[in-house]
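Residue strings, one per chain:
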Amino acid sequence: MSGMVHGETRNPLTELRRGVLEHCVLAVVRDRESYAFDIVRVLASAGELVTSEGTIYPLLSRLRRDRLVTTTWRESDAGPPRRYYLITDEGRRALDAFAGDWARFRDAVDALVGRGTRRGETRGG
Amino acid sequence: MDIDLIRVLLPLAAIAAAIFLVVALARRRR
Amino acid sequence: MEADELIRDYIGRLEAASWPLPPDRRAELVGEVREHIETALAEAGRRDAVTVHNVLERLGRPEEIVSSEADVEPGPPRWVDARLADAAVSIPAWGGLEIAAVLLLTVGAVLLPLFGPALGLVLVWLSTRWTTREKVIASVIVVVIFVLPVLGLLAVDGTAGASSS
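Keep in mind the model is a prediction, meaning the values are calculated, not measured.

Chemist: Provide a residue-level description of the overall build of chain C, including the pertinent values.
Modeler: The helix and strand tally for chain C stands at eight helices and zero strands. Going through the 165 residues of chain C one by one, you find that 32% of them count as buried. Across chain C, contacts joining residues at least 24 apart in sequence account for 49% of those joining residues at least 6 apart.

Chemist: I'd like a description of the overall build of chain A, backed by residues and values.
Modeler: The secondary structure content of chain A amounts to four helices and three strands. Listing the helices and strands of chain A from first to last along the sequence gives α-β-α-α-β-β-α. Each of the 125 residues in chain A was classed as buried or not, and the buried ones make up 26%. A fraction of 44% describes how many contacts in chain A between residues 6 or more apart in sequence connect residues 24 or more apart.

Chemist: Can you lay out the sheet that holds strand E2 (residues 69-76) of chain A for me, pointing to particular residues and giving the numbers?
Modeler: Residues and elements named next belong to chain A. Spatial ordering of the open sheet is given by E1-E3-E2, a layout of three strands whose pairing is antiparallel. The open sheet is flanked by strand E1 (34-35) and E2, the only strands paired with a single partner. Note: E1 against strand E3 (residues 79-87), two bridges, orientation antiparallel. Residue pairing in the sheet places Tyr 35 in a bridge with Tyr 84 of E3.

Chemist: Tell me what's going on with the interface of chain B and chain C, and back it up with residues and numbers.
Modeler: Across the boundary between the two partners, chain B contributes 23 residues, which contact 32 residues of chain C. When its residues are assigned to classes, the side of chain B that touches chain C shows 18 nonpolar, no polar and five charged.

Chemist: Break down the confidence of the model for chain C for me, citing the residues and quoting the values.
Modeler: Residues and elements named next belong to chain C. Per-residue confidence for chain C gives a mean pLDDT of 82, with 81% of residues at or over 70. Within chain C, the lowest mean pLDDT, 51, falls on helix H5 (residues 76-85), and the highest, 93, falls on helix H3 (residues 49-59). In the predicted structure, residues 72-78 sits below a pLDDT of 50 and forms 11 contacts with residues beyond four places in sequence or in another chain. At the level of chain-chain contacts, confidence expressed as ipTM amounts to 0.85, with global pTM at 0.66.

Chemist: Which residues make up unusual backbone geometry, and what are the values?
Modeler: The backbone of Arg67(A) shows a phi angle near 60°, a positive value even though the residue is not glycine. Topologically, Arg67(A) is positioned in the loop between helix H3 (56-65) and E2.

Chemist: Can you break down helix H2 (residues 23-44) of chain C residue by residue, with the values?
Modeler: In this model, H2(C) (22 residues) spans 32 Å end to end at C-alpha, consistent with the 32 Å of a helix rising 1.5 Å per residue. Residues of H2(C) that are buried: Arg25(C), Arg26(C), Glu28(C), Leu29(C), Val30(C), Glu32(C), Val33(C), Glu35(C), His36(C), Ile37(C), Thr39(C) and Ala40(C). Close packing links the buried residues of H2(C) with helix H2 (36-46) and H3 of chain A together with helix H1 (2-17) and H3 of chain C. Directly after H2(C), the chain includes Gly45(C), whose backbone phi takes a positive value near 75°.

Chemist: Before we move on, could you go through the pairing of E2(A) and cite the residues and values that matter?
Modeler: Residue and element names in this part refer to chain A. Direction of pairing for E2 relative to E3: antiparallel, over a ladder of seven bridges. In the sheet register, Thr 71 faces E3, and the bridge partner there is Tyr 85. Between E2 and the antiparallel strand that follows it, E3, lie two residues.

Chemist: An account of the environment of Val136(C) is requested, with residue identities and associated values reported.
Modeler: Residues and elements named next belong to chain C. By the element assignment, Val 136 lies in helix H8 (residues 132-157). Its 12 C-beta neighbours within 10 Å are what place Val 136 among the exposed residues. Taking the C-alpha atoms as reference points, Val 136 and Trp 125, separated by 11 residues in sequence, lie 8.7 Å from one another.

What counts and how
- Residues numbered from 1 in each chain as written.
- Chains lettered and ligands numbered in written order.
- Predicted model: local features only at pLDDT ≥ 70, side-chain atom pairs only at ≥ 80, totals over all residues.
- Helix = DSSP H or I, 4+ residues; strand = E, 2+ residues; numbered from the N terminus.
- Buried ≥ 20, exposed ≤ 12 C-beta atoms within 10 Å, placed from the backbone.
- Contact = placed C-beta atoms within 7 Å.
- Pairing = 2+ DSSP bridges.
- Nonpolar A, V, L, I, M, F, W, Y, C, P; charged D, E, K, R; others polar.
- pLDDT = per-residue confidence, 0-100.
- Expected span 1.5 Å × (residues − 1).

What follows is the structure, given as structure tokens:
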């Protein structure tokens, strides 16, 4: 990940989180409609996924733009109407593809990094 | 007379509904 | 009240930080974040400075939120242009369907009596941008202002002069 510096140093986990987070959001809205705050809440309770909850909103905007989710406005008891998100067929395909990629990626990283701290053994840049 | 009433009422009704709908969407940006 | 000041300050920073965004998207993002804050405070049931501070902390820095809008190559100058060039970033409140529905209900009510507004109402119901309740209210408005008096006239006069198409 060290090639990604453009005037701002990025923690490798930041890039990884961003790519993964999109698909986690898709997973949240795969089986049932959710509104934004609900999605944030589910992600936050799942673990160390979201460092900045506000970044979910640009992410949702991208998912809408890429037509991986659809939205419907619904009335809510607690005030103004809310936007509810639901996965699309294209979103399902993306999620399934990601699930496979992620499993392979995770296993590969675990196999390498999970070897423990053998300092002499680096694999180049 | 009836036809005139209808000619007035229908646009009135439709425009009233349109105003409501426009305001509903304008409110989204709050 | 201090809580509201904190929120105003945060939103101000968000608006300032989001200058590279298209105006539509900027307004939308600010609205979404505002709603997030209000929902979070409503759930917490409190509105004191400490709670607000926590909510804002969890939201993250406005600059970070805005920088995650740019999903293209990272780098301050280039992603601004890329973003501005990408017209499809935000989905505004109004789509083609909604515009057509409103036009049919207004201009269409005059130019295409009965058919225009009827079609406009159909489009309203097809839209995903109005809630069902809003659609019902709009339909009720049309029914009350137009259909009921017409039915009333029919009942009183007993004539069939109501069919205007």
